[in-house]
Amino acid sequence: MREDWTECTFEEIVNSFKRGPFGGDLKKSFFVEKGYCVYEQQHAINNDFTTIRYFINDERFKKLEACVVGAGDYIVSCSGTMGKIARLPQNAPKGIINQALLRISLNDKIMEHNYFVHYFRSKLFQAQILKDSRGSGMQNLAGMKEIKIVPISLAPLPVQRAIVSKIEALFSDLDNGIANFKKAQEQLKIYRQAVLKKAFEGELTKEWREKRALSGVEVPTAEELLKQIKEERQNHYNQQIEDWKKAVKEWEKNGKKGKRPSRVSKPKEVSEVKESDIENYETLPSRWKWSRFGNVTYKIGDIDHKMPKTVENGYPYLSTGNLNSDGTIDFSGAKTISKEDFDRLALKIKPQKGDIIFPRYGTIGRNILIDFDREFLVSYSCAIIKNITSLMSSKFALYYSLSPVIKKEIKRYTVETTQANIGIASIENFVFPLCSTQEQNQIVQEIESRLSVCDKVEQSISESIVKAEALRQSILKKAFEGKLLSEAEIEQCKQAADYEPASELLKKIKAEKLAKEQEKKKTTTKKKSKK
């Protein structure tokens, strides 16, 4: 710390701070259509005050006067997502804070507002206020006593202003860099979709088909493959029936305990593709054919909608919440069910290696290919697409399920309710560009050779964004250690009319506070003596 800086406590730089009311002081029954605003945690987290959901009347407002906030006050989230700070703008209406917020009124005679905000957002300060956070399940910011004694590095006011100016210039450059990185990320997403679009129009394998034609090598037509698929689906169904019969006998042998195993349904024949179904899509190569997803898979389905009971150390039972955006599965947070429930439910549809998990509620189409062996089930919030791996490339089916055509098909069939969802029958009806198994494998190679380059570029961009954010904290660290300004910049600050060492400034503020407290005591004593 420089010689003209000083260390003080959080309490010494604020006029007041107050946690929002708890319990029955702010029940929903007190809310009215118009009145004083109730500021919530979302306002501090998003630094956005355009939407106010709740209001209270004048009577309740007066009772909660200690928790009032107005223009220029700071609010801090202190439960769950903790330590986020925002300042109420000048046009913000007067209101009160709820229990998830802390109000801070800064003494701007001792600390410049933007200096305070940057200091508050630095890891240096955040680590101090969050280290003693407590609570079961949802964390809570430390109590008032702990926050009051958090140490703060205080610089002279002209130095604070210079530090803020330099921080914001450096942050502006960082923000521009990060914006460019994020723009590049968006462009990569567009490129990925362009690759998938061309792949399933036959463009990526056009040269491959021409070379094979010149050499006299013919690949099977989609029509021929479709016949093989139909035969395989029937054979698979016959085997399922045999397995079901065995399960029923076992159930009867065990005294018909629990539910009777459900009979397996026959392979569903989905209607042929009509011209009107594909009029907005590109024409396929001559040996390809438009089919439907339900006709090129063993089955598309989900398990019973009645939720099985949770047991410890059972079989994983996944929901959409266990499916990560990077294509991985979080088994650690999954519900687990008994072997009895697992065996019963698995008879209807059991996810296996080569199948696709297709979320059909909420985030529809964030699909995952199962490329491992493990016993688990997936709730009815997802469909299981059971690929015929002996005749079809699972990766071809996966990439197609992520393509622009499927996005359009999803849009066509999605039911928009409180939570968007799509039915099994709709997924079965999705149009599917079928080509030979050999060409499917070649298309997968062509896609992956291009997307692997995307992955490397995207990883590099992500690492650069992380480094930029780390640099932001490095700038703040230097700033509040007194190492950001050059000697020339510090010398210039010392020429300012209001320059004085921070320790002298702190003494004046303490004297002012003491005088106010003494005056308050005198006023209180006079009122009591009159009574």
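What you see is a predicted model, and the numbers here were worked out from it, not measured in a lab.

1. Remarks on empty space enclosed by the protein
Scanning the entire structure with this criterion turns up 3 cavities of 30 Å³ or more. Lining the largest cavity are Ser262, Asp304, Arg344, Leu345, Leu347 and Lys348. Class assignment for the residues of the lining of the largest cavity results in 2 nonpolar, 1 polar and 3 charged.

2. Overview of the packing of aromatic side chains
Each aromatic ring pair is summarised here by two numbers: the centre-to-centre distance and the angle between the ring planes. What the rule picks out here adds up to 27 aromatic pairs. For the pair Tyr36 and Phe61, a centre-to-centre distance of 3.7 Å together with 10 degrees between the ring planes defines the contact as stacked. Of this pair, Tyr36 sits in strand E4 (residues 36–39) while Phe61 sits in helix H3 (residues 58–63), and the two are 25 residues apart along the sequence. The exposure class of Tyr36 is partly exposed, given its relative accessible area of 27%. Assessed through its relative accessible area of 8%, Phe61 is described here as buried. Grouped by ring-pair contacts, the aromatic residues Phe10, Phe17, Tyr74, Tyr115, Phe116, Tyr119, Phe120, Phe125 and Phe480 constitute a single cluster. The ring of Phe30 has Arg60 sitting right over it, with the charged end atom 3.7 Å from the ring centre. If you follow Arg374 out to its NZ or CZ, it ends over the ring of Phe331, 4.0 Å from the centre.

3. Examining the packing of helix H7 (residues 157–199) against helix H14 (residues 437–480)
The geometry of H7 relative to H14 is characterised by a closest axis approach of 10 Å and an angle of 170 degrees between their N-to-C directions. Classified by the interaxial angle, the pair formed by H7 and H14 is roughly antiparallel. Class assignment for the residues of the contact of H7 with H14 results in 26 nonpolar, 3 polar and 8 charged.

4. Things to note about the sheet that holds strand E7 (residues 74–77)
Pairing is antiparallel across the open sheet formed by 4 strands, whose spatial order is E2-E10-E7-E8. Lying at the two open borders of the sheet, with one neighbouring strand each, are strand E2 (14–19) and strand E8 (85–87). Geometrically, the sheet is characterised by an average inter-axis angle of 20 degrees between neighbouring strands, direction not taken into account. Where E7 and E8 come together, 3 bridges link them in antiparallel fashion. What sits directly across from Ile75, in E8, is Ala86.

5. With respect to the layout of surface pockets
Approximately 1,100 Å³ is the volume found for the largest pocket. If you go around the largest pocket, you meet 30 residues; those closest to its centre are Arg192, Ser325, Asp326, Gly327 and Leu402. Those elements that provide at least two residues to the lining of the largest pocket are H7, strand E17 (368–369), helix H11 (394–401), helix H12 (404–413) and H14. Broken down by element, the residue count for the lining of the largest pocket peaks at 5 residues, all from H14. Its residues assigned to classes, the lining of the largest pocket comprises 11 nonpolar, 9 polar and 10 charged. A volume near 490 Å³ is recorded for the second largest pocket.

6. Things to note about the pairing of strand E20 (residues 431–434)
Covered by surrounding structure in E20 are Val431 and Pro433 together with Phe432 and Leu434, the residues of both alternating faces. When strand E12 (residues 289–292) meets E20, the two strands line up antiparallel, connected through 4 bridges. The partner of Trp290 across the bridge, within E20, is Pro433.

Conventions and cut-offs
- Residues numbered from 1 in each chain as written.
- Predicted model: local features only at pLDDT ≥ 70, side-chain atom pairs only at ≥ 80, totals over all residues.
- Heavy atoms only, no water.
- 1 Å grid on protein atoms, 1.4 Å probe; cavity = no way out; pocket = protein on both sides within 12 Å on 5 of 7 lines; lining within 4 Å.
- Points joined across faces, edges and corners; volume = space filled by probe spheres on them.
- Nonpolar A, V, L, I, M, F, W, Y, C, P; charged D, E, K, R; others polar.
- Phe/Tyr/Trp six-rings, centres within 6.5 Å; stacked < 30°, edge-to-face > 60°.
- Helix = DSSP H or I, 4+ residues; strand = E, 2+ residues; numbered from the N terminus.
- Buried < 20%, exposed > 50% of the residue type's maximum accessible area, 1.4 Å probe, protein only.
- Lys NZ or Arg CZ within 6 Å of the ring centre and 35° of its normal.
- Axes fitted to C-alpha atoms, helices over the stretch in contact; angles between N-to-C directions.
- Parallel < 35°, antiparallel > 145°, perpendicular 65-115°, else oblique.
- Pairing = 2+ DSSP bridges.

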